[in-house]
Amino acid sequence: MEEMFIMLTRIANRISVLLENYGIIETSNIEVYAYGLELFFMKTGLYLIVLCLSLITHSLIISLFFVIAYIALRQYTGGFHCSTALRCILVSLLMFNIMVVIYKINLHFIFDILFLMSVCGLIVIIVHSPIESPNKPLTLMEARRYRRISIVLSISLFLVSAVCWAFHIVEVYYPISYALLADSILLLLEEGKNEKKDP
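First things first, this report covers the structure right here in the doc.

The rules we used
- Residues numbered from 1 in each chain as written.
- Predicted model: local features only at pLDDT ≥ 70, side-chain atom pairs only at ≥ 80, totals over all residues.
- Heavy atoms only, no water.
- Patch = residues over 30% accessible without salt bridge, like charges linked within 9 Å, V, L, I, M, F, W, Y side chains within 5 Å.
- Areas by Shrake-Rupley, 256 points an atom, 1.4 Å probe, with all protein chains shown as cover.
- Salt bridge = Lys/Arg side-chain N within 4 Å of Asp/Glu carboxyl O.
- Helix = DSSP H or I, 4+ residues; strand = E, 2+ residues; numbered from the N terminus.
- 1 Å grid on protein atoms, 1.4 Å probe; cavity = no way out; pocket = protein on both sides within 12 Å on 5 of 7 lines; lining within 4 Å.
- Points joined across faces, edges and corners; volume = space filled by probe spheres on them.
- Buried < 20%, exposed > 50% of the residue type's maximum accessible area, 1.4 Å probe, protein only.
- Contact = heavy atoms within 4.5 Å.

Focus: a nonpolar patch on the surface
A cluster of nonpolar residues, Leu-48, Leu-51, Leu-55, Leu-60, Leu-64 and Ile-68, forms a patch on the protein surface that exposes about 550 Å² of accessible area. For the nonpolar patch, the secondary-structure elements that each account for two or more residues are helix 2 (30-56) and helix 3 (60-77).

Things to note about the layout of surface pockets
There is about 1,300 Å³ of room inside the largest pocket. Along its surface, the largest pocket is lined by 38 residues, and Leu-39, Lys-43, Arg-74, His-81 and Cys-88 are the ones closest to its centre. Broken down by secondary-structure element, the contributors of at least two residues to the lining of the largest pocket are helix 2, helix 3 and helix 4 (85-105). Broken down by element, the residue count for the lining of the largest pocket peaks at 8 residues, all from helix 2.

With respect to unusual backbone geometry
Cis peptide bonds are those with omega within 30 degrees of zero, and the linkage from Ser-129 to Pro-130 qualifies with -5°. Positionally, Pro-130 belongs in the loop between helix 5 (108-128) and helix 6 (140-166). The phi dihedral of His-168 falls on the positive side, at around 60°, and the residue is not glycine. Position of His-168 among the secondary structure elements: in the loop between helix 6 and helix 7 (170-197).

Quick notes on the environment of Leu-53
When you line up the elements, Leu-53 lands in helix 2. When its relative accessible area of 26% is taken as the criterion, Leu-53 is described as partly exposed. On a C-alpha basis, the gap between Leu-53 and Ile-126 in space is 32 Å, while along the polypeptide they are 73 residues apart. In this structure Leu-53 touches Leu-93, Phe-96 and Asn-97, once residues within four positions along its chain are discounted.

Here is the structure:
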């Protein structure tokens, strides 16, 4: 799998150089474009893997709700990030597979417990977001904007989840609750990591 990432990095670098040769980008921006293309390729690969797994496991609906909720939250709440793209993909796939396995086992009491735990997740998001990554520092204006968006988004997702929970629409409330809880755990992990660095 590591070879695949090396190959994607090479392709991203070559495309960036081609863009520079054709005068589309400036020489000083080659590394930035290469990094952006590399991220794009890796995220596209991850989403294709998730799509294939959801089709194989007949869990397309919960997968879509989870991916949409999780990506929307992560974009604005921040939180823990893996040190390499490979680890990020592996952790993302592990989280996704755990969600699908719990759904397939069909343990309804876990669905209800998870919904209740998502209340705690919502509180964590409201209190702590956004937590910036050292690789992606936020300006004061961005931090305020991300905070407003993350609060509105997490409350909106929770309300959708709560209504679906009340009407026993498991395919919607389960993946949204899982996304809220997963995001809150990643927020707390990053906060704990930051506290260790700055005692």
